[in-house]
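Observations on the model geometry
One letter stands for each residue in the lines below.
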Amino acid sequence: MAKFATLLLLAAVRLVIALPAYDSLVGLSERDVNDYIARHGVAHIPNPPLPLADGGIKLVNDPAHPFIAAGPNDIRGPCPALNTLASHGYLPRNGVARPDQIVTAVMEGLNLGNDFAKFLVYQAFLMNGNPITNLMSIGMKTPETGPNPPKPAQVGGLSQHGTFEGDTSMTRVDAYFGDQAVFNEDLFQGFIATSAKYGVNGTYDVNAAAELRYQRLQDSIKTNPQLVYTSPRILSAYSEAVFPTIFFVDGRLNNRQLTIDAARHFFDFQMMPADFHRQPAPVNFTMVDPLTKAIFDKHPFTPGVNHGKNNFVLQPKTPALSDFCGIYEDIVLRVIPGQYPRPTGALREAINKNLGFLYTAVKTEHNCAQVFPFGKD
Ligand code: HEM
Ligand SMILES: *[C@@H]1O[C@H](CO)[C@@H](O)[C@H](O)[C@H]1NC(C)=O
Ligand SMILES: *[C@@H]1O[C@H](CO)[C@@H](O)[C@H](O)[C@H]1NC(C)=O
């Protein structure tokens, strides 16, 4: 009895010391987490934002959203869009945000369609965010996202390799070679060269995107002994190849031809070009899916993993790029339970709520059936 009380006291002291400052990077034990939740509850989880009331074209590099370069304590990560939105104050400038804030930011700042925004954000949040505090880092793991749920949950932020972040990025090296989140000038020179060779007027267009995506895969097959190119990475790899041809092009021109100058702004400077206008209408899956398919069709591939350099072993069981609902199910039934094998109580409720939000994003345009890894309530 006395021993139990001492343990409780110790746990309480540790919580009091560790939690207010959010400085514990160690996963708490399940009991500590339950104890924490019993005291503080989980954070309020706002519903996903609705589509924009006015989804038209708009100056988005405006005086209300000035570029301010990230300071030493501001987190940036692998996604040039989110980095840029943080540097313009569409996201909290420190790079730590709630999922609903990120949905709003990508709708407002770049005119992602509502479903599309929710699909990206809630899958990322479930893989990389903290369901207890409802916060996610857009880059590296940080104590700023609060006390962590028990391992094997990672709460690693968007830079966490092998979750949303994966291999063959266009401007970031594979994690095997170094920092997978930071802009790499050599790779950007490859982006420029490929655009010069294949893109209209030297722009990064859909042809350049197809060639660069292919080259990055071939390069990783040859050089990265630990290459992983399976669901869900294949979907993000192809989507991210297409995104710049849409969202980084000024909405007044909207010709799907990204100039190298504008690319340099987003990828390297994390800055919108002067006078930048967002897309003229919310961009949904119906617009993006055919472009993704077009670049796939130029260089089809079968998903696989390297067992050593230049030894690409096909993985026929992972869903193909064309199987969108299969990838949704793979994320929900395999990837997320990998981090949350048996969530209970308020943690499970928070995860289920976010899974419900993710489902709303795959319902309308893709007509996927909802899947439930942790029960239905
Ligand atoms: C307008 C919206 C967006 C655009 C234009 C965009 C664009 C991109 C691009 C071009 C890349 C590839 C970088 C490269 O290969 O060098 C990328 C990577 C990434 N994006 Fe975004 N993104 C958008 C929204 C989001 C959202 C909403 C999330 C999640 C909350 C997200 C998470 C990521 C992550 C995790 C990566 C890293 C992938 C990797 O390198 O393995 N992005 N994004
Ligand atoms: C290439 O750029 C020139 C000069 O800006 C322009 O007149 C021409 O229409 C462009 N070509 C295409 C195919 O967009
Ligand atoms: C997708 O966007 C297009 C173009 O703005 C629009 O015509 C279409 O109705 C949208 N589809 C859905 C399902 O939102």
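Under an unreviewed UniProt entry, the name given to the protein is Heme haloperoxidase family profile domain-containing protein, and the source organism is Sphaerobolus stellatus. As recorded by UniProt, the Cofactor (unreviewed entry) comment attached to the protein reads in full: "heme b". According to the UniProt record, the Sequence similarities (unreviewed entry) comment for the protein reads "Belongs to the chloroperoxidase family."

Quick look at the UniProt feature "domain: Heme haloperoxidase family profile" (unreviewed entry) in the protein now. In the numbering used here, UniProt assigns the feature "domain: Heme haloperoxidase family profile" (unreviewed entry) to residues 63-293. Taken end to end, residues 63-293 has its terminal C-alpha atoms 38 Å apart, with 44% of it in helix and 3% in strand.

Taken as a whole and assessed by the stated rule, the structure comprises 12 salt bridges. For D268, the salt bridge is made with R264, and the minimal N-O distance between the two is 2.8 Å. Of the two residues, D268 and R264 both sit in helix α9 (residues 260-269), 4 residues apart, roughly one turn of that helix. D330 is the partner of R334 in a salt bridge, and the nearest nitrogen-oxygen pair spans 2.7 Å. One end of the pair, R334, and the other, D330, are both in helix α11 (residues 324-339), 4 residues apart, so they sit about a helical turn from each other. R334 sits in the partly exposed class, given a relative accessible area of 47%. Ionic contacts of the salt-bridge type, sharing partners, join the residues K58, E108 and R278 into one network.

Residue P152 follows K151 across a cis peptide bond; omega there is 10 degrees. By the element assignment, P152 lies in the loop between β2 (136-137) and α6 (185-198). For the bond running from S231 to P232, omega is 0 degrees, close enough to zero to count as cis. In this structure, P232 sits in the loop between β3 (228-229) and α8 (233-247).

Among protein residues, the single donor to the iron atom of ligand 1 is C79 (SG), with a metal-donor distance of 2.3 Å. Tracing the backbone through its elements, the reader meets C79 in the loop between α2 (30-40) and α3 (80-87).

Glancing now at the site of ligand 2. Residues in contact with ligand 2, as listed here, are V200, N201 and Q257. Alone, ligand 2 offers 360 Å² of accessible surface; in the complex the protein occludes 24% of this.

About the criteria used
- Residues numbered from 1 in each chain as written.
- Chains lettered and ligands numbered in written order.
- Predicted model: local features only at pLDDT ≥ 70, side-chain atom pairs only at ≥ 80, totals over all residues.
- Heavy atoms only, no water.
- UniProt positions renumbered as here; feature names shortened; annotations may be inferred.
- Helix = DSSP H or I, 4+ residues; strand = E, 2+ residues; numbered from the N terminus.
- Salt bridge = Lys/Arg side-chain N within 4 Å of Asp/Glu carboxyl O.
- Buried < 20%, exposed > 50% of the residue type's maximum accessible area, 1.4 Å probe, protein only.
- Donors = N, O, S within 2.8 Å, 3.2 Å for Na, K, Ca; no water.
- Near = heavy atom within 4 Å.
- Areas by Shrake-Rupley, 256 points an atom, 1.4 Å probe, with all protein chains shown as cover.

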